[in-house]
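# A look at the structure
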Amino acid sequence: MKQFWSFIKKEFYHIFRDHRTMLILLGMPVVQIIIFGFALTNEVKNSRIAVLDRSNDAASASLIAELEASRYFEIQKHLYSYQEVEEEFKKGNIKMAVILPQNFEADLKHLNKAQVQVIADASDPNVANTLTNYASAIILDYQDRITDGRQLPYKINTEMRMLYNPQMKGAYSFVPGVMALVLMLVCTMMTAITIVREKEMGTMEVLLVSPVQPLKIVIAKAVPYFFLSLVNIASILLLSVFVLEVPINGSLPLLVLESILFTVTSLVLGLLISSVTESQQTAMFISLTGMFMPTIMLSGFMFPIENMPRLLQLISNIIPAKWYYIIVRSVMIKGVGLEAVWKETLVLVGMLVFLLFMSIRKFKIRLV
Amino acid sequence: MRTLLFLLQKEFRQITRDKSILRMILVMPMLQLVLLPNAADYEMKNILLSVVDHDHSEYSRQLVQKVTSSGYFKLNSFSDSYADALQEVEEDRADLILEIPARFEKSLVHEDQATLFLAINSINGVKANLGGAYLRSIIQDYNREVRTQWIQLPRLSPETTIDIVPTNWFNPRMNYKVFMVPGILVILVTLVGSFLTSLNIVREKEVGTMEQINVTPIKKHHFILGKLIPFWAMGLLVLTLGFGIARIGYGIIPLGSFLTIYVFAAVFLLAVLGLGLLTSTYSDTQQQAMLVSFFMMMIFILLSGLYTPIDSMPTWARYITRINPVAYFIDVIRLVVLKGAGLYEIRQQLAIMFGFAVLLNGWAVLSYHKRS
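Residues numbered from 1 in each chain as written. Chains lettered and ligands numbered in written order. Predicted model: local features only at pLDDT ≥ 70, side-chain atom pairs only at ≥ 80, totals over all residues. Heavy atoms only, no water.

- Per an unreviewed UniProt entry, the recorded name for chain B is ABC transporter permease, and the organism is Rufibacter radiotolerans.
- According to the UniProt record, the Sequence similarities (unreviewed entry) comment for chain B reads "Belongs to the ABC-2 integral membrane protein family."
- As recorded by UniProt, the Subcellular location (unreviewed entry) comment attached to chain B reads in full: "Cell membrane". (UniProt positions renumbered as here; feature names shortened; annotations may be inferred.)

- Per an unreviewed UniProt entry, chain A goes by the name Multidrug ABC transporter permease and belongs to Rufibacter radiotolerans.
- Heading Subcellular location (unreviewed entry) of the UniProt record for chain A holds this comment: "Cell membrane".
- UniProt, in its Sequence similarities (unreviewed entry) section for chain A, records the words "Belongs to the ABC-2 integral membrane protein family."

Take a look at the structure:
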């Protein structure tokens with residue numbers, strides 16, 4: 001036991017000696033959470049659009065005013081010919097163009113029918129879709145307003161209620177995702193090069209001839225990083241609540257425990273990478289290039305998992321961040337308890353046990 | 001010149017010697033390019049729906065039938081009460097609740113109107129908005145059907161209607177992959193280029209071979225060029241392989257010319273590699289270099305406009321994107337691939353990137369000293 005403690009002490013020295021690295025390890029999550037928490041959102045707002053008004057009458061002017069008033073659109077330009085529309089799109093100046101035909105008001109008054117053309121830059125289909133939807137909603141509202149007073153028979157009304165996030169804040173879905181992403185990558189990266197570094201520097205031999213068991217070497221490596229991670233969890237949670245204003249509706253102890261579970265899983269994943277690789281370069285390449293994109297894309301916060309093809313849905317299951325994301329979202333925002341997330345928790349525990357087992361088995365006690 | 005050739009030979013040998021890392025540099029990005037773009041599908045379908053039908057009438061059945069056959073919604077369950085349905089939402093088995101009140105049919109027929117209740121899980125606001133809009137338009141359609149059953153509408157509709165004619169340019173089939181594949185390719189090229197260079201010099205420091213190089217008569221710029229060129233070539237190789245996959249796997253052929261893309265990519269890689277070198281000269285250990293470049297790359301990639309539109313970001317974040325080389329490349333590659341832009345249209349971005357390349361590499365050369 002005494003040996004074990006002195007081992008842990010050695011690892012602590014290694015880390016605390018290097019102030020620069022420490023600063024990066026503790027400062028990085030803070031900066032990232034703040035930047036991504038504010039900047040990442042799939043809300044579409046302030047989109048630059050152009051209008052081509054061919055009728056220039058009272059009705060078209062008031063419809064354009066409605067568009068201008070919404071926070072989704074920013075009218076960049078008033079165009080005068082159809083050719084200009086294409087030019088503006090090509091230059092990337094606008095995302096959508098609204099074209100009102102000649103005799104707009106007259107058509108509305110006499111034929112009870114008029115047309116509006118909405119052209120979207122569909123190179124980003126998501127934004128195009130959303131913008132077209134927003135524009136349609138505004139135009140339909142306008143239409144309702146001018147029909148008002150003529151109550152139609154057999155009318156079905158809808159009453160809509162937004163659960164959990166009535167103000168539709170983008171932060172509510174992105175902050176938990178960013179938490180999962182940052183925690184997972186930082187923690188994995190911290191431990192990914194610990195063992196392989198000793199191999200590369202040649203100090204591994206010294207460790208292996210000491211009477212300490214491999215299991216203890218592996219665990220001692222992770223302990224100091226575990227404490228660093230605790231600090232990171234605390235700072236991330238504090239920032240989410242007080243700076244990004246995402247509430248913790250569920251129980252805080254549960255959230256902290258789940259975060260610790262997730263962090264430890266990531267640390268052990270790093271240890272596994274470290275013990276199967278031969279150079280720091282390889283270890284880093286796996287933990288970054290290998291994990292970065294899959295974690296962003298398959299953990300469910302950028303793209304809905306239920307839309308993915310079957311194969312990718314299956315692959316997404318082995319990404320720890322996916323499960324943690326579900327847990328954080330449920331506990332923080334929906335405010336539910338362990339009874340709603342016990343399955344996800346079990347999956348994480350299972351991953352932890354598996355990774356720990358693998359990294360001890362793969363830890364070679366002989367150098368080649 | 002000869003010194004440079006020998007240095008290049010050494011670097012290439014070091015890279016190709018380690019077969020496992022070489023394989024990883026080439027295979028891992030390609031595998032990701034084959035798999036990941038399929039995950040990026042934002043089209044709303046299979047929104048999980050829970051129905052609470054208190055009415056059990058012919059009309060309520062018709063309505064549910066109409067909603068589920070639309071393709072956007074997947075009926076998860078019929079619940080007996082709103083509380084049960086809410087439970088489903090809490091456990092992530094449903095995203096949307098449609099509650100049909102008792103006497104829905106009767107009040108619609110006898111009182112001329114009836115009200116439906118929708119509740120949407122709006123943690124993801126965009127998804128909730130779209131889901132709600134789809135469901136509403138289906139209900140409106142149904143409403144129109146009911147109306148025509150009961151009354152003969154006059155030929156000239158009394159209801160004023162504005163027909164909205166939506167058109168989608170540049171990607172009329174709304175194929176999300178055409179948008180994502182070039183972007184993901186840019187990220188993979190960046191990852192390969194930046195991480196490896198940032199580790200490279202510092203590795204020589206850590207292992208101790210840096211001193212040996214420093215006592216040789218090798219010139220500073222030779223040394224740095226020797227470090228740059230191999231990874232520059234590697235980046236272009238990954239880009240080429242990536243376009244092969246884009247063509248075979250996704251049928252994506254750029255509208256613009258490859259020349260434009262390669263010219264930009266060449267300058268872009270110089271800038272990114274320069275950044276890697278700079279990180280490398282300022283770090284003492286590989287761990288430091290790796291953490292710093294991870295930190296920068298993560299910001300560059302997430303604020304590049306690949307996943308979330310730059311227009312939606314707050315003003316200060318949009319300023320960050322102006323000094324973000326990755327954002328420029330993603331912008332350019334999409335302009336070229338989707339809209340057929342040529343060198344003339346992207347001249348501004350190209351000039352800025354050239355500026356980055358000169359600045360970063362110049363800085364790296366100046367800050368690298370042979371004496372410690």
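## Observations regarding the packing of helix α8 (residues 194-201) of chain A against helix α10 (residues 214-243) of chain A
Residues and elements named next belong to chain A.
- Their axes nearest at 10 Å, the elements α8 and α10 cross at an angle of 120°. It follows from the interaxial angle that α8 and α10 lie oblique. On α10, the residues that touch T194, I195 and E198 of α8 are V218, K221 and Y225.
- In terms of residue class, the contact of α8 with α10 is built from three nonpolar, one polar and two charged. (Axes fitted to C-alpha atoms, helices over the stretch in contact; angles between N-to-C directions. Helix = DSSP H or I, 4+ residues; strand = E, 2+ residues; numbered from the N terminus. Parallel < 35°, antiparallel > 145°, perpendicular 65-115°, else oblique. Contact = heavy atoms within 4.5 Å. Nonpolar A, V, L, I, M, F, W, Y, C, P; charged D, E, K, R; others polar.)

## Describing the sheet that holds strand β5 (residues 161-169) of chain B
- Spatially, five strands are ordered β2(A)-β1(A)-β3(A)-β4(A)-β5(B) in an open sheet, and the strand pairing comes out mixed. Two strands lie at the open edges of the sheet, namely β2 (73-79) of chain A together with β5 of chain B, each paired on one side alone. Along the sheet, successive strands turn relative to each other by an average axial angle of 25°, direction set aside.
- Sheet analysis places strand β4 (residues 113-121) of chain A next to β5 of chain B, joined by nine bridges and oriented parallel. Bridge pairing links Q117 of chain A to V165 of chain B in β5 of chain B.
- Strands β1 (47-53), β2, β3 (96-100) and β4 of chain A together with β5 of chain B of the sheet are contacted by helix α4 (residues 82-90) of chain A, whose axis makes an angle of about 30° with β4 of chain A. (Pairing = 2+ DSSP bridges.)

## Describing the nonpolar core
- Membership of the largest hydrophobic core comes to 181 residues, with the highest contact counts inside it found for M293 and M297 of chain A together with M180, F294 and Y307 of chain B.
- Broken down by element, the residue count for this core peaks at 18 residues, all from helix α7 (residues 176-207) of chain B.
- Beyond its immediate sequence surroundings of up to four residues, M293 of chain A is in contact with Q32, L36, I184, I187, L188, L191 and Y307 of chain B.
- Counting residues in hydrophobic clusters, the runner-up holds 30 residues, among them Y154 of chain A together with F73, A128 and Y142 of chain B. (Core = buried A, V, L, I, M, F, W, Y, C linked by side-chain atoms within 4.5 Å. Buried < 20%, exposed > 50% of the residue type's maximum accessible area, 1.4 Å probe, protein only.)

## Focus: the domain arrangement of chain A
- Split by domain assignment, chain A resolves into domain 1 (1-40 + 169-362) and domain 2 (47-147).
- Averaged C-alpha coordinates put domain 1 of chain A and domain 2 of chain A at centres separated by 47 Å. (Domains from an automatic or database assignment.)

## Looking at the interface of chain A and chain B
- Taken together, the contacts link 124 residues of chain A with 116 residues of chain B.
- The contact between chain A and chain B buries some 11,700 Å² in all, and 65% of this surface belongs to carbon and sulfur atoms.
- If you sort the residues of chain A by the area they bury against chain B, Y154, I156 and F285 of chain A come out on top, with a joint share of 8%.
- Remark: the boundary between chain A and chain B carries three salt bridges.
- The closest approach of N and O atoms between R203 of chain B and E200 of chain A, which form a salt bridge, is 3.9 Å.
- There are 16 residue pairs in polar contact (both at pLDDT 80 or more) connecting chain A and chain B.
- With 15 residues, the top contributor of residues to the side of chain A that touches chain B is helix α6 (residues 125-147) of chain A.
- Here the residues of the side of chain A that touches chain B are counted per class, giving 75 nonpolar, 28 polar and 21 charged. (Buried area = accessible area lost by both parts, 1.4 Å probe. Salt bridge = Lys/Arg side-chain N within 4 Å of Asp/Glu carboxyl O. Polar contact = N/O pair within 3.5 Å; in protein donor to acceptor, adjacent residues only side chain to side chain.)

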